[in-house]
Amino acid sequence: MNTRWMLVVVCGWIMIARDAQAYIDPGTGSFILQMLIASILGALLTLKLWFGAAKRLVRRVFGGAVDATDAGAKPPPVDPPPPA
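Rules behind the numbers
- Counting restarts for each chain, with residues numbered from 1 along the sequence as it is written.
- In keeping with the model being predicted, local features are shown solely for residues with a pLDDT of at least 70 and side-chain atom pairs are shown and tallied solely at 80 or more, while totals for entire chains, interfaces and linings include all residues.
- Side-chain numbers come from the whole structure's heavy atoms, not from hydrogens or water.
- A run of H or I in DSSP counts as a helix once it spans at least four residues, and a run of E counts as a strand once it spans at least two, with each numbered from the N terminus.
- Exposure is judged per residue with a 1.4 Å probe applied to protein chains only, and the accessible area is read against the type maximum: over 50% gives exposed, under 20% gives buried, and values in between give partly exposed.
- Residue exposure ignores everything except the shown protein chains as possible cover, and the areas themselves are Shrake-Rupley values with a 1.4 Å probe.
- The span one expects for a helix is its residue count, reduced by one, times 1.5 Å.
- Confidence scores labelled pLDDT are given residue by residue by the predictor and lie between 0 and 100.
- Nonpolar side chains (Val, Leu, Ile, Met, Phe, Trp, Tyr) are joined into patches within 5 Å and like charges within 9 Å, using only residues with over 30% relative accessible area and no salt bridge.
- Every case where a carboxyl oxygen of Asp or Glu lies within 4 Å of a side-chain nitrogen of Lys or Arg is listed as a salt bridge.

**Q** Requested: an account of the overall build of the protein chain, with residues and values cited.
**A** On a plain count of helices and strands, the protein chain comes out with 3 helices and 0 strands. Reading the secondary structure of the protein chain in the N-to-C direction produces α-α-α. For the protein chain, buried positions account for 2% of its 84 residues. When the accessible surface of the protein chain is split by element, carbon and sulfur atoms take 71% of a total near 8300 Å².

Given below as C-alpha cells:
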C-alpha cells in the first residue's frame with residue numbers, strides 16, 4: 001500500500017503545472033496553424049470522397065442513373081478533323 005501511495009504522490013507532483021519560461025516563436029506558431037488548416041482540409045476531402053463512394057454504391061444498388069464517370073468507363077474517342 002505504501003508503494004501505491006508513493007506512486008500517486010510522484011504522479012501528482014509530475015502533473016503540477018510549472019512556469020516553463022519559454023515562448024512560441026512565429027515560426028512554430030505558423031507551423032501549428034499550417035498543420036491545423038491541413039488537418040481540416042484533409043478531413044473535408046476524406047468526407048467528400050467517402051460520401052461520393054456511398055452515393056455511387058446507393059445508385060448502383062437501387063438502379064439509379066449511373067453516368068460514365070460513375071461506371072469508370074472512358075469517354076468515346078474524338079475523331080480528328082479532316083485534312084484541309
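**Q** Tell me about helix α1 (residues 2-15), and please be specific about residues and values.
**A** Because each turn of an α-helix spans 3.6 residues, side chains separated by three or four positions in sequence point in the same direction. Between its terminal C-alpha atoms α1 stretches 20 Å, which fits the 20 Å expected from 14 residues at 1.5 Å a residue. Little of α1 sits inside the fold, with 0 of its 14 residues counted as buried.

**Q** Describe the confidence of the model for the protein chain, and please don't skip the residues or the numbers.
**A** Predicted coordinates in regions of low pLDDT should not be interpreted in detail. Looking at the protein chain, the pLDDT average stands at 82 and 82% of residues meet or exceed 70. Helix α2 (residues 26-62) holds the highest mean pLDDT among the elements of the protein chain, 92, whereas helix α3 (residues 68-71) holds the lowest, 55.

**Q** I'd like to hear about a nonpolar patch on the surface, residue by residue, with values.
**A** Taken together, the side chains of Leu33, Leu36, Ile37, Ile40, Leu41, Leu44, Leu45, Leu47, Leu49, Trp50 and Phe51 define a hydrophobic patch exposed on the protein surface, amounting to about 1200 Å² of accessible area. Note that Leu36 resides in helix α2.

**Q** Run through α2, naming residues and quoting values.
**A** Taking 1.5 Å per residue, 37 residues should reach 54 Å; α2 reaches 54 Å between its end C-alpha atoms and fits that length. Just beyond α2, the residue with positive phi is Gly63, at close to 70°.

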